[in-house]
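# Remarks on the overall topology
Here are the chains, one letter per residue:
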Protein chains: 2
Amino acid sequence: MLPRGRPRALGAAALLLLLLLLFGFFLFREDLECERRERGRSGAFPCVLTPRIPLDGRPRGAAALDGDPQVDHRGHNHSDCVPPRPLPPRCELLHVAIVCAGHKSSRDVITLVKSMLFYRKNPLHLHLVTDAVARNILETLFHTWMVPAVRVSFYDADELKPQVSWIPNKHYSGLYGLMKLVLPGALPPDLARVVVLDTDVTFASDIAELWALFAHFSGVILLRLDRLRRAGWEQMWKLTATQELLSLPATSLADQDIFNAVIKGHPGLVQPLPCVWNVQLSDHTLAERCYLEAADIKVIHWNSPKKLRVKNKHVEFFRTLHLTFLEYDGNLLRRELFGCPSPLPPEAEQLQRALAQLDEEDACLAFRQQQLLVHRVHITFLPHEPPPPRPHDVTLVAQLSMDRLQVLEALCRHWPGPMSLALYLTDAEAQQFLRFVEASAVLSARRDVAYHVVYREGPLYPINQIRNVALAQALTPYVFLSDIDFLPAHSLYDYLRASIEQLQLGGGRKAALVVPAFETLHYHFSFPSSKAELLALLDTGSLYTFRYHEWPRGHAPTDYARWREAQAPYRVQWAADYEPYVVVPRDCPRYDPRFVGFGWNKVAHIVELDAQDYELLVLPEAFAIHLPHTPSPDISRFRSSTAYRDCLQALKEEFHQDLSRRYGAAALKYLTALRQP
Amino acid sequence: MLPRGRPRALGAAALLLLLLLLFGFFLFREDLECERRERGRSGAFPCVLTPRIPLDGRPRGAAALDGDPQVDHRGHNHSDCVPPRPLPPRCELLHVAIVCAGHKSSRDVITLVKSMLFYRKNPLHLHLVTDAVARNILETLFHTWMVPAVRVSFYDADELKPQVSWIPNKHYSGLYGLMKLVLPGALPPDLARVVVLDTDVTFASDIAELWALFAHFSGVILLRLDRLRRAGWEQMWKLTATQELLSLPATSLADQDIFNAVIKGHPGLVQPLPCVWNVQLSDHTLAERCYLEAADIKVIHWNSPKKLRVKNKHVEFFRTLHLTFLEYDGNLLRRELFGCPSPLPPEAEQLQRALAQLDEEDACLAFRQQQLLVHRVHITFLPHEPPPPRPHDVTLVAQLSMDRLQVLEALCRHWPGPMSLALYLTDAEAQQFLRFVEASAVLSARRDVAYHVVYREGPLYPINQIRNVALAQALTPYVFLSDIDFLPAHSLYDYLRASIEQLQLGGGRKAALVVPAFETLHYHFSFPSSKAELLALLDTGSLYTFRYHEWPRGHAPTDYARWREAQAPYRVQWAADYEPYVVVPRDCPRYDPRFVGFGWNKVAHIVELDAQDYELLVLPEAFAIHLPHTPSPDISRFRSSTAYRDCLQALKEEFHQDLSRRYGAAALKYLTALRQP
């Protein structure tokens, strides 16, 4: 029932052709390194579900045999490959390996992991073979996700490349698919069993049921283990691949092709999985034979290149299962695992203690809780190329939420340089954001804008935590700390770099360059192309200095009268409530995360800069103009609620106490300023 | 890890004390009416989980025995009451009964139903015992939800009241709790088995596993059936209740008290359920004995009056399960049921056919799909009292989405009369909206504002479908068709009612009263208290006539120059693109749902009014002022996309073809007007 727009969200993954495979990795290593290990226990049954597929590049699995359709359904139609009811021993650690490279696969893998976590009842150990991009993303994500009873290990895909790069391959991603061939060697030698998953599968059941198949087949498999050992897996697949290459005019060979070829030559290696463990979606309908009987689908595999847009009369059913986890609030998966000892990650432990120590009767409890929350962070949610190293380069740093997406195109037109933008979104909104960018030619064209998703949690807007994520991810030596509603002068990016060079900021001069701020009340207005034009608009009342009517203190120290005439940068002094937009070195102080919601979040940062002796230098040709927008929920609450204002006052005072502690007598002037009306 | 604000979302349900009960209803009826029915098959085992609880009004279940903690876990710790592994026969229809009254319980029941649908693999028949409010809400919801393989029957709670109202009861909701006692008589006599659920439970497993317990115990239960029959349930509970009332100084007696007392007297009636089927949450921790062993929780029962705010070291775990379904996109549960014949509701069938007939290559496919979608509708999401019948009363009708919540308080201050507002939200946003209203004294105080949630689906904003929901739910004879960004003059509500009376609209005069529209560009401005003040602001340029700069055609026919001087209502003529805000009888034409997204949605409605010979009368003292806001995503797309504008053009032309079909030559003038530049 959903129009086309939504399914596009999935994008097009590198077509990984390997389906669910269950490997007895211990086996593969055993004859090489681990002769001494006990043999009776470890089972192995390579179990490949797709048969040999032609190498013509058509969607794989189209005419695939989906295993045995005679699957278990509540006691009916039992077949030989029915998973046994007894699940793995309680609290057994289950191992899962996934090969993941690039931005798109990193997003996919999160959906897969969410579906797995939703149903799992065992501790899990994820073995992630990643490139540098995926590792950067996933390390940050799992670190901030803090899911109990989940361990994550990373393996460097680049190190494995030489082992498979001799195989001709069309796509960059194909190379990563081939890495599944060398997993036995890449994973720890004492790892006996692992479930290997593609990134484009969705669980609809507990992975423990899949894991249980190891035990079920162990008797049968041990025999095969011996056969495999005699054959030698590594030699086997390499030989097969070489032979395939000889006999075929193919320009590429995918991992699945090699698996299929090995299996063809050694059918005894294979034990088919029940089809419910690999319901493949394609334009063809053979999979129906499986699931129409089953009513008990366990894993869905989006192995058509069309992904969610696949033509299949039941696709709506599968789509809903996939979207469930695509849009699922990952915070809800931080739940503990009952019945098994599952120590929390140290940060989570610490956080719980801190939360427990809060005074339940404190009128500002919501503020204090919000400050303590650790938000899940997905850095570089979309493809991003880091800027080349340049000594005076500047990244525009800002944060936003859904209601500001529409300024992004204009911002991209005004700022041709790198940006680091943090977005405060729910999991579902992150998918909307993805579609928004994909639908915009302007946004899709930019690779120097990094979008970092900070997942929403709690009732107050953690503005400074979000800003700090954007700031931490800026990769140039300088940052322009802006707000999302400001459009910079078209010349600003070039002008700032020239100013940084001229003022010799790199030479150890500690300065914050002030970009004067203006505002318009009109949604449609023609942006001034020069300072002269801006001044003309100011004189006709079409523009104002920023917050001229509501909060002149915030920018008064910039001294707009002086700026009108200025030909060179000039120094200004800090004053109470000053909150200019500034350019500073990337290693500047972070924003104080205690300021959540509306008020004082930038002011405190400027205090911090002043306390650390940053010169405040106003740039004579720089400007940015604030566009009108609906007031944020937090500013509305600030205006309407005394309690909210009282809490902000309490936060300010605590901030000043901390300042005194850190800067001593030098911080006295801030406290004095605060006490003045 | 979540601050306090969120758990509040649940609110406080009427404290229903009955836990999961499994009844053999066939039994109860059998000796009365159905002697001829086969006896061997139907099993019954009333199974009450909480023991006798003191009648002191403290949270029940605090010190409850949660059944047998020695529950099944993957083959460990088996006890006698372990559910048998074989599930009910495939495709067996499972019956569920729920008593539900009022707005709050209606919301709760939806979360329960979502959790049940998520895990279920059988067709379901819901038996809902409701008051008029809940029935109105749930009938609309299930009708628009269109979930395959779910049947819903309603039973009138008011009819059952006399059977239980003799029992002294503190709360209105307590009476509804007591209705569980008379369910055997209220449900159809041929209904043999039913699972009775409280509204405040969340499933974490397939209800079929619970249903299977009927079969498991059937052998045992049949014996008990005989005993029960001999005893006679109806007499039994009534006698017990009467005795309890004699022996206790209690001012009220809850259903659970009576069940407990009956059980105490007749212990043979009871078969405990495994504790995992009723994990009760309270400040006490006895339930831990169950679930720490289990790791396999099947049903969570929020039976503490504190609900999600309960103090319990594992509450975070349970909260996540609950929030999962509270915020779950109900559209995803429209998925079909594989393996069982599950005919779609006729509307869903028709919709699927219509969607399938669309041309995949049509550039306007997204528009056509969006028009066809049937959105789930939750009417009166919050408590609402219908306005008393008054012949000239007017309801303000408007629609909004999350980004406009902040105007609601101002709107309430400007319009003291009834409102019917439709909100286009996701399930998660609906919960945010609930918290927003609860946090606002202004909004919480109003019972004459009806909020109807239309659940989001599809990429375009179905503005006219949403408006039609708000319009259909208006309960006064007249409606003011406004937009959410307009603040009406403070006097408008009274003035409109007086004008309706004066103009004798009730007497069959077919007219649309025009409320002239103005706009301000300032977020802060002082609202004019009279027409004179408004004109003064207009003269100083602080206000404009609406869309004066961007789209003067939209309101030019209102003739603002004439309005300045007018002392009496004056008639104006329709002209192309006219889109005034009007007051019309409630039975006016609906908005044309084909207009989705930005453009022509109101214009088409005014054309329709003109085609049906509504007089357009401008009211001389009426006005409303548009507040500034960030442009909507759809207006941005309209501005930036040629394809979008082309599709709107196509929609317009189809609209005119339909007009010609319906109004013949009279519609020619609209087409002529359209063709003019």
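Within every chain, residues take consecutive numbers counted from 1 along the sequence as written. Here the convention is simple: chains get letters from A, ligands get numbers from 1, in the order in which they are written. Per-residue local features are limited, in this predicted model, to residues with pLDDT of at least 70; the limit for side-chain atom pairs, both in listing and counting, is 80 or more; totals at the level of whole chains, interfaces and linings are taken over all residues. Excluding hydrogens and water, the side-chain figures rest on all heavy atoms present in the structure.

Note the threshold: UniProt positions are given in the numbering used here, feature names are shortened, and annotations may be inferred rather than shown by experiment.
Under an unreviewed UniProt entry, the name given to chain A is LARGE xylosyl- and glucuronyltransferase 2 isoform X2, and the organism recorded is Phyllostomus discolor. Word for word, the UniProt comment on chain A under Subcellular location (unreviewed entry) is "Golgi apparatus membrane". On record in UniProt, under Pathway (unreviewed entry), the comment for chain A is "Protein modification; protein glycosylation."

### A few points about the environment of B:Cys91
All names here are of chain B. The cut-off we apply is this: Every helix listed is a DSSP run of H or I at least four residues long, and every strand listed is a run of E at least two residues long, numbered separately from the N terminus. Any pair of residues with heavy atoms lying within 4.5 Å of one another is described as a contacting pair.
Mapping Cys91 onto the fold places it in the loop between helix 1 (25–30) and strand 2 (94–100). Put simply, Cys91 and Gly339 are 248 residues apart on the chain and 7.6 Å apart in space, counted from C-alpha to C-alpha. Each residue touching Cys91, except ones within four places of it in the same chain, is listed here: Asn122, Pro123, Gly339, Cys340 and Pro341.

### Concerning the state of the cysteines
Residue and element names in this part refer to chain B. What counts here: The disulfide criterion is simple: two cysteine sulfur atoms within 2.5 Å. Categorising residues by exposure relies on relative accessible area from a 1.4 Å probe, with only protein chains included: less than 20% of the type maximum marks a residue as buried, more than 50% marks it as exposed, and the intermediate range marks it as partly exposed.
Tallying each qualifying case throughout the model produces two disulfides over all chains. Between the sulfur of Cys364 and that of Cys647 lies a disulfide, 2.2 Å long from S to S. Torsion about the S-S bond of the Cys364 and Cys647 cystine: about -100 degrees, corresponding to left-handed handedness. Placement of the pair is Cys364 in the loop between helix 12 (346–357) and helix 13 (365–372) and Cys647 in helix 23 (residues 642–663), with a sequence separation of 283 residues. Here the two residues Cys364 and Cys647 agree in accessibility, since each one is buried.

### As for the domain arrangement of chain A
Residue and element names in this part refer to chain A. For clarity, the threshold we go by: Bear in mind that the domain bounds are from an automatic or database domain assignment. When two parts are brought into contact, each loses some accessible area as probed by a 1.4 Å sphere; the total of that loss over both is the buried area. Criterion for a salt bridge: a side-chain nitrogen of Lys or Arg within 4 Å of a carboxyl oxygen of Asp or Glu. For the purposes of these results, a polar contact is taken to be a pair of N or O atoms within 3.5 Å, where, inside protein, one atom must be able to donate a hydrogen and its partner to accept one; residues adjacent in sequence count only when each atom of the pair is a side-chain atom. Note on residue categories: nonpolar means Ala, Val, Leu, Ile, Met, Phe, Trp, Tyr, Cys or Pro, charged means Asp, Glu, Lys or Arg, and polar means any other residue, Gly included.
By the assigned domains, chain A splits into domain 1 (94–270) and domain 2 (377–674). Here domain 1 and domain 2 have C-alpha centroids that lie 44 Å from each other. Facing nine residues of domain 1, the contacting portion of domain 2 comprises 10 residues. With both sides pooled, the region where domain 1 packs onto domain 2 buries about 910 Å², and carbon together with sulfur makes up 58% of that total. Sorting the residues of domain 1 by area buried against domain 2 places His103, Arg107 and Ile137 first, and these three jointly supply 56% of that buried surface. Applying the counting rule to domain 1 against domain 2 returns one salt bridge. Taking the shortest distance from any N to any O, the salt bridge between Lys114 and Asp427 comes out at 2.8 Å. Taken together, the connections running from domain 1 to domain 2 amount to three residue pairs in polar contact (both at pLDDT 80 or more). Those elements that place two or more of their residues in the side of domain 1 that touches domain 2 are helix 2 (102–119) and helix 3 (132–145). Top contributing element to the side of domain 1 that touches domain 2 by residue count: helix 3, with five residues. Residue composition of the side of domain 1 that touches domain 2, by class: three nonpolar, four polar and two charged.

### Some points on the confidence of the model for chain A
Residues and elements named next belong to chain A. Where we set the bar: In predicted models, pLDDT denotes the confidence assigned by the predictor to each residue on a 0 to 100 scale.
In this model, chain A carries a mean pLDDT of 79, and residues with pLDDT of at least 70 account for 77%. The model gives residues 1–85 a pLDDT under 50, and that stretch makes 272 contacts with residues more than four places away or in other chains. In this model, residues 217–229 is a region of pLDDT below 50 whose contacts with residues beyond four sequence positions or in other chains number 28 contacts. Scored as a complex, the prediction yields pTM 0.80 and ipTM 0.76.

### What to know about the packing of helix 2 of chain A against helix 11 (residues 315–326) of chain A
Residue and element names in this part refer to chain A. Counted only if it meets this: Inter-axis angles, ranging from 0 to 180 degrees, are taken between N-to-C directions of lines fitted to C-alpha atoms, where helices are fitted over the stretch in contact. For classification, angles of less than 35 degrees are called roughly parallel, those exceeding 145 degrees roughly antiparallel, those between 65 and 115 degrees roughly perpendicular, and all remaining angles oblique.
Between helix 2 and helix 11, the shortest axis-to-axis distance is 8 Å and the interhelical angle comes to 90 degrees. Viewed along their axes, helix 2 and helix 11 adopt a mutual orientation that is roughly perpendicular. On the side of helix 2, the interface is formed by Thr111, Lys114, Ser115, Phe118 and Tyr119, while helix 11 contributes His322, Phe325 and Leu326. Of the residues assigned to the contact of helix 2 with helix 11, the class counts are four nonpolar, three polar and one charged.

### Focus: the pairing of strand 10 (residues 394–401) of chain B
Residues and elements named next belong to chain B. Spelled out, the test is: Here, a strand pair is defined by DSSP locating no fewer than two bridges between the strands. Clockwise travel from the first strand over the helix to the second, with the strands pointing away from the viewer, marks a crossover as right-handed.
The element strand 10 is extensively covered by neighbouring structure, given that eight of its eight residues are classed as buried. Here strand 10 shows two buried faces, one formed by Val394, Leu396, Ala398 and Leu400 and the other by Thr395, Val397, Gln399 and Ser401. Here strand 10 runs beside strand 13 (residues 478–481); their pairing, made up of four bridges, is parallel. Within strand 13, the position partnered with Thr395 by the bridge is Val479. Considered for its hand, the β-α-β crossover made up of strand 10, helix 14 (residues 408–414) and strand 11 (residues 419–425) is right-handed.

### Points about the sheet that holds strand 16 (residues 517–519) of chain A
Residues and elements named next belong to chain A. Pairing within the open sheet is mixed, and its four strands lie in the order 14-21-16-17. Of all the strands in the sheet, just strand 14 (486–488) and strand 17 (544–545) have a single pairing partner and so form its edges. As paired strands, strand 16 and strand 21 (residues 624–626) are joined by three bridges and run parallel to one another. Counted as the bridge partner of Glu519 is His626 from strand 21.

### Some details on the packing of helix 2 of chain A against helix 3 of chain A
All names here are of chain A. Our working definition: Handedness of a crossing follows from how the near helix is turned relative to the far one, being left-handed for an anticlockwise turn of less than a right angle and right-handed for a clockwise one.
Contact geometry of helix 2 with helix 3 gives a least axis separation of 9 Å together with a crossing angle of 35 degrees. Crossing angle aside, the handedness with which helix 2 passes helix 3 is right-handed. Counted together, Gly102, His103, Ser106, Val109, Ile110, Val113, Lys114 and Leu117 of helix 2 and Val133, Ala134, Ile137, Leu138, Leu141, Phe142 and Trp145 of helix 3 form the full contact between these two elements. In terms of residue class, the contact of helix 2 with helix 3 is built from 11 nonpolar, three polar and one charged.

### Let's talk about helix 19 (residues 531–539) of chain B
Residue and element names in this part refer to chain B. Using the following cut-off: What the arc describes is the spread of directions from the helix axis to the C-beta atoms.
Looking at helix 19, one finds that the buried residues are Lys531, Leu534, Leu535 and Leu538. For helix 19, the angular spread of buried residues about the axis comes to 100 degrees, placing them on one side. Along its buried surface, helix 19 packs onto strand 16 (517–519), strand 17 (544–545), helix 20 (560–565) and strand 21 (624–626). Positive backbone phi, at 80 degrees, marks Gly541, one or two positions downstream of helix 19.

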